Amino acid sequence: MFSPQKVDFQKGDGLVPAILQDARTGQVLMLGYMNQEAYEKTCAEGVAWFYSRSKERLWMKGETSGHTQKVIAIDLDCDQDTILLSVEPQGPTCHLGNQSCFGDDYFNLAVLERTITKKIAYPEEGSYTKYLMEQGLDKILKKCGEEMTEVVIAAKNRDANELLDESSDLFYHYLVLLQEQGLQLKDVEARLAERHGVKHTYSVRDDIQQW
């Protein structure tokens, strides 16, 4: 699935640190270690493998829990002795049930988008997201328009707190609109990257094609 790159395994007596990072949110999920065999299995199978220093054997992340890590991209640092895996986690990464081994105190627009996606896929009674999706496109567009107007008024009044509140509401409704249209935040990021001449290596569209 991935072509192995030249990794410097000699510096660490055959082991290099490997970092898992959520491809959608950018959240750092865990740090493990790979030897050459674990690295090659990861490249070949498209899921994260590590070397356990305590058990002295290879292990696949999620081999017991089923919460495997689907690899989206593999990058090396400038010294070629640290591996960065962009992954799509198939459940919580931490054995304590947290999304990340470094705790779940993490938030950005991609995290909000993931929450919206889950609320659409598994609607709950009383959910505002469920209500918007049931009302349909016209309702969502109306709310986007209303929130944009509120943003303009807050900016015109130079009310920073109000501007932040209304901007937050606008971003939420905009993400719901993208979902209704079959698009996601990564698609917008990819288009912006194209405009800036940046090679964008991952898009949520890849997931749509694969699944």
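Residues numbered from 1 in each chain as written. Predicted model: local features only at pLDDT ≥ 70, side-chain atom pairs only at ≥ 80, totals over all residues. Heavy atoms only, no water.

- The protein appears in an unreviewed UniProt entry as Histidine biosynthesis bifunctional protein HisIE from Fundicoccus ignavus.
- Annotation of the protein in UniProt includes, under Subcellular location (unreviewed entry), the sentence "Cytoplasm". (UniProt positions renumbered as here; feature names shortened; annotations may be inferred.)

**Quick word on the layout of surface pockets**
Phase 1: If you add up the space inside the largest pocket, you get close to 480 Å³.
Phase 2: Lining the largest pocket are 25 residues, and of these Trp 59, Lys 61, Gly 62, Thr 93 and His 95 lie nearest its centre.
Phase 3: With four residues, the top contributor of residues to the lining of the largest pocket is strand E2 (residues 28-34).
Phase 4: Class assignment for the residues of the lining of the largest pocket results in 10 nonpolar, 10 polar and five charged.
Phase 5: Here the second largest pocket is characterised by a volume of approximately 400 Å³.
Phase 6: In terms of lining, the second largest pocket is formed by Arg 24, Glu 88, Pro 89, Gln 90, Gly 91, Gln 99, Arg 114, Thr 117, Lys 118, Ala 121, Tyr 122 and Gln 184.
Phase 7: Of all elements in the fold, only strand E6 (83-89) and helix H2 (109-121) reach the threshold of two or more residues within the lining of the second largest pocket. (1 Å grid on protein atoms, 1.4 Å probe; cavity = no way out; pocket = protein on both sides within 12 Å on 5 of 7 lines; lining within 4 Å. Points joined across faces, edges and corners; volume = space filled by probe spheres on them. Helix = DSSP H or I, 4+ residues; strand = E, 2+ residues; numbered from the N terminus. Nonpolar A, V, L, I, M, F, W, Y, C, P; charged D, E, K, R; others polar.)

**Side note on unusual backbone geometry**
Phase 1: For Asp 13, which is not a glycine, the phi torsion comes out positive at approximately 55°.
Phase 2: Despite not being glycine, Arg 158 has its phi angle at roughly 50°, a positive value.
Phase 3: Summarising the element assignment, Arg 158 is placed in the loop between helix H4 (137-156) and helix H5 (160-180).
Phase 4: We classify Arg 158 as exposed; its relative accessible area is 78%. (Buried < 20%, exposed > 50% of the residue type's maximum accessible area, 1.4 Å probe, protein only.)

**Let's talk about the packing of aromatic side chains**
Phase 1: Within this structure, the stated rule accounts for four aromatic pairs.
Phase 2: Centroid distance Phe 9 to Tyr 39: 6.2 Å. Interplanar angle 55°. Geometry classified as tilted. Residue Phe 9 is found in the segment before strand E1 (16-22), and its partner Tyr 39 is found in helix H1 (residues 36-45); the two are separated by 30 residues along the sequence.
Phase 3: The exposure class assigned to Tyr 39 is buried, which follows from its relative accessible area of 2%. (Phe/Tyr/Trp six-rings, centres within 6.5 Å; stacked < 30°, edge-to-face > 60°.)

**Comments concerning the sheet that holds E1**
Phase 1: Ordered in space as E2-E1-E6-E5, the four strands form an open sheet in which the pairing is mixed. This sheet does not close on itself; its edge strands, each paired only once, are E2 and strand E5 (69-76). Strand-to-strand, the axes of this sheet are offset by a mean angle of 25°, without reference to chain direction.
Phase 2: Bridging between E5 and E6 involves seven bridges; their strand directions are antiparallel. Paired with Ile 74 across the bridge in E6 is Leu 85. (Pairing = 2+ DSSP bridges. Axes fitted to C-alpha atoms, helices over the stretch in contact; angles between N-to-C directions.)

**Considering the UniProt feature "domain: Phosphoribosyl-AMP cyclohydrolase" (unreviewed entry) in the protein**
Phase 1: Mapped onto this numbering, the UniProt entry annotates "domain: Phosphoribosyl-AMP cyclohydrolase" (unreviewed entry) at residues 30-102.
Phase 2: Overall, residues 30-102 shows 14% helix and 38% strand. The separation of its end C-alpha atoms is 7 Å.

**Re H2**
Phase 1: For H2, spanning 13 residues, the distance from its first C-alpha to its last is 18 Å, which sits close to the expected 18 Å at 1.5 Å a residue.
Phase 2: Buried residues along H2 sit against E1, E6, helix H3 (128-135), H5 and helix H6 (185-195). (Expected span 1.5 Å × (residues − 1). Contact = heavy atoms within 4.5 Å.)

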